[in-house]
Each structure stands twice: as structure tokens, then as C-alpha cells.
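One letter stands for each residue in the lines below.
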Amino acid sequence: PVEVILMLLEYAKSKGKTGYKYLASLGRDWSEKEIDSLEGAEAYLEELTGTDALWTEFRLQAGLKNPNPTARQRRFLTAWRKELGFDKEMIFLAYEVCADNTGKFSAEYMDKVLRSWAQSGVKTPDDAERERQSRQEKRRAAEKKTQKKKESVYSSDASYDLEAYSRLAIGLQDDDNE
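First, a word on what this report is: a plain description of the structure on this page. (Residues numbered from 1 in each chain as written. Predicted model: local features only at pLDDT ≥ 70, side-chain atom pairs only at ≥ 80, totals over all residues. Heavy atoms only, no water.)

Let's talk about the overall build of the protein
Okay, so step 1: Scanning the protein from terminus to terminus reveals 8 helices and 0 strands.
Okay, so step 2: The helix and strand sequence of the protein, counted from the amino end, reads α-α-α-α-α-α-α-α.
Okay, so step 3: A total of 178 residues make up the protein; the buried ones form 27% of that total.
Okay, so step 4: Nonlocal contacts in the protein, meaning residues at least 24 apart in sequence, comprise 51% of its contacts between residues at least 6 apart.
Okay, so step 5: Of the accessible surface of the protein, which amounts to about 12700 Å², a share of 50% is contributed by carbon and sulfur atoms. (Helix = DSSP H or I, 4+ residues; strand = E, 2+ residues; numbered from the N terminus. Buried < 20%, exposed > 50% of the residue type's maximum accessible area, 1.4 Å probe, protein only. Contact = heavy atoms within 4.5 Å. Areas by Shrake-Rupley, 256 points an atom, 1.4 Å probe, with all protein chains shown as cover.)

This is how it looks when you write it as C-alpha cells:
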């Protein structure tokens, strides 16, 4: 419908992209998504606007250069907002975890962090901190257990007398004397 085309054109103008190729690409995208009513166009534009606003704040905090998200980044942002229900604070916290562990921005890494949080019921920065501390405690406990196993392998508290076994092996002691 003409009204939907006008909304598409207005959106493109707001992005500063009014070239034929962009408009044709945007039109194909909307057609493939079956955006063919005013209600559908409004809902989709609301989603795009929310994602764009989130990207703008996120990229400024993260120090990223590109002013608009790529199609892949937009899909991730939309999933984090809509599907997982995270706000900009939690998305940026996932970025900090990503940057601390990889030294760079990785939407895939952030996606794993956010999906892990969603599965664990983490909704706030405080929840994320508690979850991080819990993971560290579990890691420390596992390391202690591993260390104890190593120590028991090399300890002198063996259930056999190594010296007696050595004497027996070289024939200095009789097997029945033990």
C-alpha cells in the first residue's frame, strides 16, 4: 500500500539514505518480512528505531566506530532486546565480559554470555556478579579437588610400604615375613 511505501521512504530519509539501491533493498526486505499494512510497518519501525537507539548508546560506550549496526549486529541486538529481554545496561555488561576475555567486540561471544545469563535467570548487574562469584567458587573447588588428587598420588601415606616392597624385589626379605 502507498501508506507503507511512504513510511519506508520516511524511514530511509531519517537514516540519510535515499539512494535507489538502498530504497530497493529496503523495499525487498519489507516485502520478504510481509510488512504490508500500516500496523505492521509501525511495529517494524518501532523495532528498528529501538534497535538503532540501543546501537547508538552501545557503540558510544564501547567506542565502536560504525554509526549503524550491520544486518548481523542488528539481528543480535533485536534478539537480546526482544527474545532475551535485556536492556542496554546488561548488553553493555556482556560487552565488558567479552572485552575482558577477548580484548575485542564479538557479537557471537556476547550472545553466548547473554544466553547463558538468560538461562541462569540473570537479569541485573547484581545477578551477574553473584553468578560470576558462584562460577569462581566452583572453579576454585574443582581446582582444590584436582590438587588433592595430585597430592594423594605423590603422598607418603600410601597403603603399602615401598621400602619393604623394594627389599622383597631384590631378595633381601622373605614374602612371608610381612
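Description of the packing of aromatic side chains
Okay, so step 1: Throughout the structure, instances matching the rule amount to 10 aromatic pairs.
Okay, so step 2: Ring geometry for Phe92 and Tyr95: centres 5.5 Å apart, planes at 35 degrees, overall tilted. Of this pair, Phe92 and Tyr95 both sit in helix H5 (residues 88-102), 3 residues apart, roughly one helical turn.
Okay, so step 3: For Phe92, a relative accessible area of 15% corresponds to the buried category.
Okay, so step 4: Residue class for Tyr95 comes out buried when judged on its relative accessible area of 13%. (Phe/Tyr/Trp six-rings, centres within 6.5 Å; stacked < 30°, edge-to-face > 60°.)

A few points about the packing of helix H4 (residues 71-83) against helix H6 (residues 107-120)
Okay, so step 1: At a minimum axis distance of 11 Å, the contact between H4 and H6 shows a crossing angle of 10 degrees. Classified by the interaxial angle, the pair formed by H4 and H6 is roughly parallel. Counting all contacts with H4, which are made through Arg72, Phe76, Ala79, Trp80 and Glu83, the residues of H6 involved are Ala107, Glu108, Met110, Asp111, Leu114 and Arg115.
Okay, so step 2: In terms of residue class, the contact of H4 with H6 is built from 6 nonpolar, no polar and 5 charged. (Axes fitted to C-alpha atoms, helices over the stretch in contact; angles between N-to-C directions. Parallel < 35°, antiparallel > 145°, perpendicular 65-115°, else oblique. Nonpolar A, V, L, I, M, F, W, Y, C, P; charged D, E, K, R; others polar.)

Focus on the packing of helix H3 (residues 38-62) against H4
Okay, so step 1: For the pair H3 and H4, interaxial distance at closest approach is 10 Å and the crossing angle is 100 degrees. It follows that H3 is roughly perpendicular to H4 by the angle criterion. Residues Glu47, Leu48, Gly50, Thr51, Asp52, Leu54 and Trp55 of H3 pack against Gln73, Arg74, Leu77, Thr78, Arg81 and Lys82 of H4.
Okay, so step 2: Partitioned by chemical class, the residues of the contact of H3 with H4 number 4 nonpolar, 4 polar and 5 charged.

A few points about the pattern of salt bridges
Okay, so step 1: According to the stated counting rule, one finds 10 salt bridges in the structure shown.
Okay, so step 2: Here Glu108 makes a salt bridge to Arg72, at a shortest N to O gap of 2.6 Å. Separated by 36 residues along the polypeptide, Glu108 in helix H6 and Arg72 in helix H4 bring together distant segments of the chain.
Okay, so step 3: Within this structure, Lys15, Asp52 and Arg74 form a network of salt bridges that share partners. (Salt bridge = Lys/Arg side-chain N within 4 Å of Asp/Glu carboxyl O.)

Looking at H3
Okay, so step 1: Between the first and last C-alpha of H3 there are 35 Å, a value that for 25 residues agrees with the 36 Å anticipated at 1.5 Å per step.
Okay, so step 2: Restricting attention to buried positions, one finds in H3 the residues Ala41, Tyr44, Leu45, Leu48, Thr51, Asp52, Leu54, Trp55, Phe58, Arg59 and Ala62.
Okay, so step 3: Just downstream of H3, Gly63 is the residue with a positive phi angle, here 75 degrees. (Expected span 1.5 Å × (residues − 1).)

Describing the nonpolar core
Okay, so step 1: Within the largest apolar cluster, 23 residues are counted, with the highest numbers of intra-cluster contacts made by Phe58, Trp80, Phe86, Ile91, Met110, Leu114 and Trp117.
Okay, so step 2: Every element with two or more residues in this core is listed here: H3, H4, H5 and H6.
Okay, so step 3: In terms of residue count, H5 provides more of this core than any other element does, 6 residues in total.
Okay, so step 4: Apart from the residues within four sequence positions on either side, Met110 is in contact with Phe58, Trp80, Ile91, Ala94, Tyr95, Cys98 and Phe105.
Okay, so step 5: Membership of the second largest hydrophobic core comes to 12 residues, among which are Trp30, Ile35, Tyr44 and Leu45. (Core = buried A, V, L, I, M, F, W, Y, C linked by side-chain atoms within 4.5 Å.)

Observations concerning the environment of Thr102
Okay, so step 1: Mapped onto the elements of the fold, Thr102 is located in helix H5.
Okay, so step 2: At a separation of 3.0 Å, a polar atom in the side chain of Thr102 contacts the main-chain carbonyl oxygen of Lys104. (Polar contact = N/O pair within 3.5 Å; in protein donor to acceptor, adjacent residues only side chain to side chain.)

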